[in-house]
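Commentary on secondary and tertiary structure
Spelled out, the chains give:
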Amino acid sequence: METLKEKVTLNEEYVLNYYLSELMEGKINYLENRENYKNRIAKYIVDLRDSNNINEKINNAKKLWKVLFEAAMTYIDEDKRGYDRLFKFFDEYVEFEELIFASDSFYRDHTLHCLWVYFLGEYINKEKQFSEIVKDREEEINREKQIYEDLKSLEYYIDFKETLNIFKLSAQRHDYDDAVRCVAALTHDLGYPLKKIEKINKSISNVMPYFAINNFNEYNFQYSNVNQKYINEFIDFMATDIEFNCTTNNDKGSKVIEKIFELDNLGHMIKVKKEEVLKLNDEEKQVLSKVLKYKIKSFKSKSRLFDYENDFEQYKHGIMSAFLLMKNVKSFSRVLFNETYELALRDINIIDFSSKLQILQAVSDHTNSGYHITSIDNTSSFLTLVDELEEFSRISRANQNREYVEQFCSTNIYMDDDWLNIDFIFDNTEIDNLDPERAFKGRCERFLSLFNIPKLSENLKIRLKCIGKLPYDNNTYTLEIARKYAKITINDEEKNIPSYLKSKEFYSREEYENN
């Protein structure tokens, strides 16, 4: 891949203009031939981009959030029951966020952040220079579509309508990816208010003694036994997924399948050997017609189940965001999925099930401490990565005055020799005690925990820098991660990772190489 000659400083205006360009060129597939949505979204984007103050920006963001959600979600499922309730919650969420700002001087905006995650994600997903980052996902999509086309070309030789329909639907799932990314990005932080209840309790308890009120009962919450069955079913659904397998006990059938299909060790089809199909004799075609019965099989991931149960116990805001969607938006709970080990097409709507499950899992996974990224190959990994990158507009009150600060740091995101480069530039002298190294250490801990370095895809290499341009800090802090590789440097001087981060949970560079 070519090295980017000019770094682009990303900000709200840049990603909004990029998205507007994509929208006008018909590259947002869930908005094509939907002029009403398309025109409203374009108008609200311009209004947001041209907002003169924070209050105006928030009001325009609320309008844009709602119409984007409606457009993307109705593309997946036309059922709009629960939208009024969700939008009312979103209004309350925005109001509540003002209360959190007042209680926590270092609280950072999430209302606008969700929109910026969406727009930044579309920039990274669609801009050609970042194609290496999403290469694993694109290769998987192309593989599924090619398998379907290859199988379709075999209809002349073999009768296998049910199997062909399964692969057709599997390939068509990806036509909904744009809409899935949108809904996941917009909703991933809706559960955040629960995380701040403790902070608000503390603020209230600090005031009460001055009124001689010493027996303040803190606000707390827990689900009743009546709710528990629904919660258990919700978590069980979240840990469920489907796969397509071809199995046969017929020796002749197995030989023919092995002859014309390239399969992995789990029976998943990798490739159709079209030249071998042309060589099949009549007997082999008859055998193949009888045994080529791909099954849709459901399975549960125990690790996912345990992770989600643990997250729910701790009210992690990711899974609480997913739970909010399930409880309030009917299309999420109205999924055609009759749970059995082997599913027929009448038991499951593959596109509907896959789209909604991807959204719920991605929203939950972005705060799941057990979640590990090996490659950017699905909605969960993509959302989580972009959420970590979005720093160019995080409004906060992070100074000693009661004024809002619109930027902790400026951001450059670009490719250089197949490395994803993320530069966070700390140059805002208006923020008291801004600490680039503290921010850098937090990023190191997060990235080294999030990415599965021993098994990381060869297509994913990340170089993250926190660059100090302050009177008291002109250092460049760098983290590099790739497959079996992690390195921390300050001004090109390498640091021992466990010692620098003061944690036994991480390895040295040499240990990562040998893992």
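Data block above holds the structure.
Notes on the structure follow. (Residues numbered from 1 in each chain as written. Predicted model: local features only at pLDDT ≥ 70, side-chain atom pairs only at ≥ 80, totals over all residues. Heavy atoms only, no water.)

**Quick notes on the overall build of the protein chain**
For clarity, the threshold we go by: For helices the rule is a DSSP run of H or I covering at least 4 residues; for strands it is a run of E covering at least 2, with both sets numbered from the N terminus onward. Accessibility here uses a 1.4 Å probe with only protein chains present; expressed as a share of the type maximum, an area under 20% marks a residue as buried, one over 50% as exposed, and anything in between as partly exposed. Two residues form a contact once any of their heavy atoms are found within 4.5 Å.
The secondary structure content of the protein chain amounts to 22 helices and twelve strands. Counting the 515 residues in the protein chain, one finds 54% classified as buried. Within the protein chain, counting contacts between residues at least 6 apart in sequence, those at least 24 apart form 70% of the total.

**Focus: empty space enclosed by the protein**
Where we set the bar: Lining residues are defined by having an atom within 4 Å of a point belonging to a cavity or pocket. Those points lie on a 1 Å grid over the protein atoms alone, cavities being sets where a 1.4 Å probe fits but cannot get out and pockets being open sets with protein on both sides within 12 Å along at least five of seven lines. Grid points are joined across faces, edges and corners, and a volume is the space filled by probe spheres set on the points.
By the definition in use, this model includes one cavity of 30 Å³ or more. Each pocket or cavity is described by its volume, and for the largest cavity that value is around 70 Å³. Every residue along the wall of the largest cavity is listed here: Val117, Tyr118, Gly121, Glu122, Arg181, Ala184, Ala185, Thr379, Phe382, Leu383 and Val386. For the lining of the largest cavity, the elements supplying multiple residues, two or more each, are α5 (111-126), α8 (177-187) and α19 (379-389).

**Quick look at the packing of aromatic side chains**
Just so we agree on the cut-off: Side-chain rings of Phe, Tyr and Trp, where Trp is taken by its six-membered ring, are said to pair if the distance between their centres is within 6.5 Å; with planes under 30 degrees apart they count as stacked, over 60 as edge-to-face, and otherwise as tilted. In this scheme, the term charge over a ring applies when either NZ of a lysine or CZ of an arginine sits within 6 Å of the ring centre and within 35 degrees of the ring normal.
According to the stated counting rule, one finds 30 aromatic pairs in the structure shown. Ring geometry for Phe237 against Phe337: centres 6.5 Å apart, planes inclined by 65°, an arrangement best described as edge-to-face. One end of the pair, Phe237, is in helix α11 (residues 225-238); the other, Phe337, is in the loop between α17 (330-333) and β6 (342-343), with 100 residues separating them in the sequence. Summarising the burial analysis for this pair, Phe237 and Phe337 share the class buried. Here a set of aromatic residues connected by ring pairs shows up, and it is made of Trp65, Phe69, Tyr83, Phe87, Phe89, Phe90 and Tyr93. One cation-aromatic arrangement involves Lys441 over Tyr500; the distance from NZ or CZ to the ring centre is 4.7 Å.

**Some thoughts on the packing of helix α2 (residues 35-49) against helix α3 (residues 54-76)**
Helix-helix packing is characterised by the crossing angle of the two axes and by the distance between the axes. The condition is simple: Helix axes are fitted only over the stretch in contact, all axes being lines through C-alpha atoms; the angle between N-to-C directions runs from 0 to 180 degrees. What sets the label is the angle itself: under 35 degrees gives roughly parallel, over 145 gives roughly antiparallel, 65 to 115 gives roughly perpendicular, and the rest give oblique. Should the near helix be turned anticlockwise from the far one by less than a right angle, the crossing is left-handed, and should it be turned clockwise, the crossing is right-handed. Following the grouping adopted for this structure description, the nonpolar residues are Ala, Val, Leu, Ile, Met, Phe, Trp, Tyr, Cys and Pro, the charged ones are Asp, Glu, Lys and Arg, and the polar ones are all others, Gly among them.
Orientation of α2 relative to α3, taken along the N-to-C sense of each, is 155°, at an axis distance of 9 Å. On the basis of their axis angle, the class for α2 and α3 is roughly antiparallel. In this structure, the crossing between α2 and α3 has a hand that is left-handed. Taken together, the residues of α3 that come into contact with α2 (itself represented by Tyr37, Arg40, Ile41, Tyr44, Ile45, Asp47 and Leu48) are Lys57, Asn60, Ala61, Lys63, Leu64, Val67, Leu68, Glu70, Ala71 and Thr74. Grouping the amino acids of the contact of α2 with α3 by side-chain chemistry returns ten nonpolar, two polar and five charged.

**Details of a nonpolar patch on the surface**
This is how the line gets drawn: Only residues whose relative accessible area exceeds 30% and that form no salt bridge enter a patch; like-charged residues are grouped when within 9 Å of one another, and nonpolar side chains (Val, Leu, Ile, Met, Phe, Trp, Tyr) when within 5 Å. Computed with the Shrake-Rupley method and a 1.4 Å probe, the accessible areas treat only the protein chains shown as cover for residues. The term salt bridge refers to a side-chain nitrogen of Lys or Arg lying within 4 Å of a carboxyl oxygen of Asp or Glu.
Nonpolar side chains collect at one region of the surface, where Val207, Tyr210, Phe211 and Ile213 lie side by side and expose about 480 Å² of accessible area between them. Classification of Val207 by relative accessible area gives partly exposed; the value is 44%.

**Comments concerning the sheet that holds strand β2 (residues 240-246)**
Selection rule: A strand pair is defined by DSSP finding two or more bridges across the two strands.
Read across the open sheet, the three strands follow the order β2-β5-β6; overall the sheet is antiparallel. Bordering the open sheet on either side are β2 and β6, each of which pairs with just one other strand. Both β2 and strand β5 (residues 294-300) contribute to a ladder of seven bridges, which runs antiparallel. By the bridge assignment for β5, Glu243 is matched with Lys297.

**Section: the pattern of salt bridges**
What the rule picks out here adds up to 35 salt bridges. Of the charged contacts in the structure, one is a salt bridge between Glu493 and Lys495, with a shortest N-O distance of 3.4 Å. One connected set of salt bridges, linked through shared partners, spans Asp77, Asp79, Arg81, Arg334, Asp352 and Lys356.

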